[in-house]
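# Survey of secondary and tertiary structure
Here are the chains, one letter per residue:
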Amino acid sequence: MGAKGSRASSKDQDPKRMPLLGRRQKFPSWDDTLLLGKDPRSLLKRGMRHVSFSLVTKGMTDIPDFLWGLSEVQKLNLSHNQLRVLPPEVGKLTRIVVLNLCGNCLKSLPREVSLLQSLKVLFLNMNCLAEVPAELSLCRSLEVLSLSHNCLSQLPASFADLSRLRKLNLSNNYFAHIPICVFSLKELDFLHVGSNRLENIAESIQCLTNLQIFIAENNNIHSFPRSLCLVTSLELLNLNNNDIQTLPEELYLLCRLGRIAWNPMDKGLHISRNPLSKPLPELVEGGLEMLSSFLKEKKHN
């Protein structure tokens, strides 16, 4: 026992091993894999539907080169790092379906994103983007796009070609108006433009006939457009914290809203923290049915 313990102790104190052990404790998982001579593909997770790869919250400033050789990756999560550049090599990952880049420091995207023809979900929220390339509109399979918490004030006109896009988040940017291209996205059922610099909602909003959730809270919108009442598919409409003083008499057409909502997660009409003229504040507190009846009666008188 003593000899065995002595050998173990001696082994632990081998000067050639101690620095390696000390350093390896700090290595990220992919470096550890390479250090041991393993194939990086051993880090892939093969689910029932997708092959995924995740390097979340690793403090990376650069993406490891071996990643571009993992052509089978379909879901890639690089969120919450310190990435400043997305290399053009991203275009090699042609099977990507879901790409999560949120919570980084990206200021631009390479044109090669246009090669991601299988891409359906793209998270770019919480970056430093001042623009997005027109080439992104060539990702015709895109269904979900989040660009919230960036520095955007416009979108390329070519975004109108994203005919399959269903969910678009543009909140917490610098938009002074909803980009015209958005009104061409006929499949949209979710649109978030809250916390921007909007002063109005264009009449073209009525073109989004499949829209179920529309959030435009925390802007400086002065009026509730009558055309919005024609989007009868709406189930959640959030106009909280704006500058709306009157509501259109056609509000009763939005029959799917169901009620005045106070919890941000609830379906219904969110209209609090607006300088509504009397007697509307009292009517709002009475609920959507009372409010709609009042407006309908006013319209026909």
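As the structure is a prediction and not an experimental result, all values here were calculated from the model. Note that residues are indexed from 1 along each chain, following the sequence as it is written. For this predicted model, a pLDDT threshold of at least 70 governs which residues receive local features, and a threshold of 80 or more governs which side-chain atom pairs are given and counted, while totals over whole chains, interfaces and linings are taken from all residues. Think of the side-chain values as coming from all heavy atoms in the structure, minus any hydrogens and water.

Further remarks concern the overall build of the chain. Within the chain one finds 5 helices and 11 strands. Burial analysis of the chain (301 residues in total) assigns 45% to the buried set. Strands are runs of DSSP state E lasting at least two residues, helices are runs of H or I lasting at least four, and both sets are numbered from the N terminus onward. The buried label applies to any residue whose accessible area, calculated with a 1.4 Å probe on protein chains only, is under 20% of its type's maximum; exposed applies above 50%, and partly exposed to all values in between.

Its location among the elements puts asparagine 219 in the loop between strand S9 (213–215) and strand S10 (236–238). Within 3.5 Å is the distance limit for a polar contact, defined as a pair of N or O atoms, with the added protein rule that one can donate a hydrogen and the other accept it, and that residues adjacent in sequence qualify only through two side-chain atoms. For asparagine 219, the side chain forms a polar contact with the main-chain nitrogen of asparagine 196, separated by 2.9 Å. In this structure the side chain of asparagine 219 is engaged in a polar contact, spanning 3.1 Å, whose partner is the backbone nitrogen of leucine 198. Any two residues whose heavy atoms approach within 4.5 Å at even a single point are treated as in contact. When sequence neighbours within four positions are dropped, the list of residues in contact with asparagine 219 reads Val193, Gly194, Ser195, Asn196, Arg197, Leu198, Asn241 and Asn242.

Let us look at the pairing of strand S2 (residues 51–54). Covered by surrounding structure in S2 are Val51 and Phe53 only, the residues Ser52 and Ser54 on the alternate face being uncovered. A pair of strands is treated as paired once DSSP finds two or more bridges between them. Sheet analysis places S2 next to strand S3 (residues 75–77), joined by 3 bridges and oriented parallel. The partner of serine 54 across the bridge, within S3, is asparagine 77.

Our next topic: the packing of aromatic side chains. Centre distance within 6.5 Å is the pairing criterion for rings of Phe, Tyr and Trp, where only the six-membered ring of Trp is used; planes under 30 degrees apart are then read as stacked, over 60 as edge-to-face, and the remainder as tilted. Taken as a whole and assessed by the stated rule, the structure comprises 1 aromatic pair. With centroids separated by 6.2 Å and ring planes inclined at 75 degrees, the aromatic side chains of phenylalanine 53 and phenylalanine 66 adopt a geometry described as edge-to-face. Placement of the pair is phenylalanine 53 in strand S2 and phenylalanine 66 in the loop between S2 and S3, with a sequence separation of 13 residues. Each member of the pair phenylalanine 53 and phenylalanine 66 is classed as buried.

For the rest of this paragraph, the subject is the sheet that holds strand S4 (residues 98–100). The strand order across the open sheet formed by 11 strands is S1-S2-S3-S4-S5-S6-S7-S8-S9-S10-S11, and the pairing between neighbours is mixed. Both outer strands of the open sheet, strand S1 (45–46) and strand S11 (268–270), are each paired with one neighbouring strand and no more. As paired strands, S3 and S4 are joined by 3 bridges and run parallel to one another. When the bridges of S4 are listed, asparagine 77 appears paired with asparagine 100.

This part covers the side chain of asparagine 104. Locating asparagine 104 in the fold gives a position in the loop between S4 and strand S5 (121–123). Polar side-chain contacts of asparagine 104 include one of 3.4 Å to the backbone oxygen of cysteine 102. What asparagine 104 contacts, discounting residues up to four positions off in sequence, is Leu78, Ser79, His80, Asn81, Gln82, Leu83, Met126 and Asn127.

This part takes up empty space enclosed by the protein. Cavity means a closed set of points on a 1 Å grid over the protein atoms alone, one where a 1.4 Å probe fits but cannot get out, pocket means an open set with protein on both sides within 12 Å along at least 5 of 7 lines, and lining means a residue has an atom within 4 Å of a point. Grid points are joined across faces, edges and corners, and a volume is the space filled by probe spheres set on the points. Taken as a whole and assessed by the stated rule, the structure comprises 1 cavity of 30 Å³ or more. Taken as a whole, the largest cavity encloses approximately 40 Å³ of empty space. The wall of the largest cavity is formed by Leu86, Leu99, Leu101, Leu109, Val113, Leu116, Leu119, Leu122, Leu124 and Leu136. Polar here means any residue other than Ala, Val, Leu, Ile, Met, Phe, Trp, Tyr, Cys and Pro, which are nonpolar, and Asp, Glu, Lys and Arg, which are charged; Gly is therefore polar. Within the lining of the largest cavity, the residues separate by chemical class into 10 nonpolar, no polar and no charged.

In this approach the atoms are scanned with a rolling probe the size of a water molecule, which exposes any empty space left behind. One number sums up the size of the second largest pocket: a volume of about 160 Å³. Looking at the second largest pocket, the residues that line it are Phe190, Ile213, Ile215, Glu217, Leu236, Asn238, Pro264 and Met265. Those elements that provide at least two residues to the lining of the second largest pocket are S9 and S10. Among the residues forming the lining of the second largest pocket, the class breakdown is 6 nonpolar, 1 polar and 1 charged.

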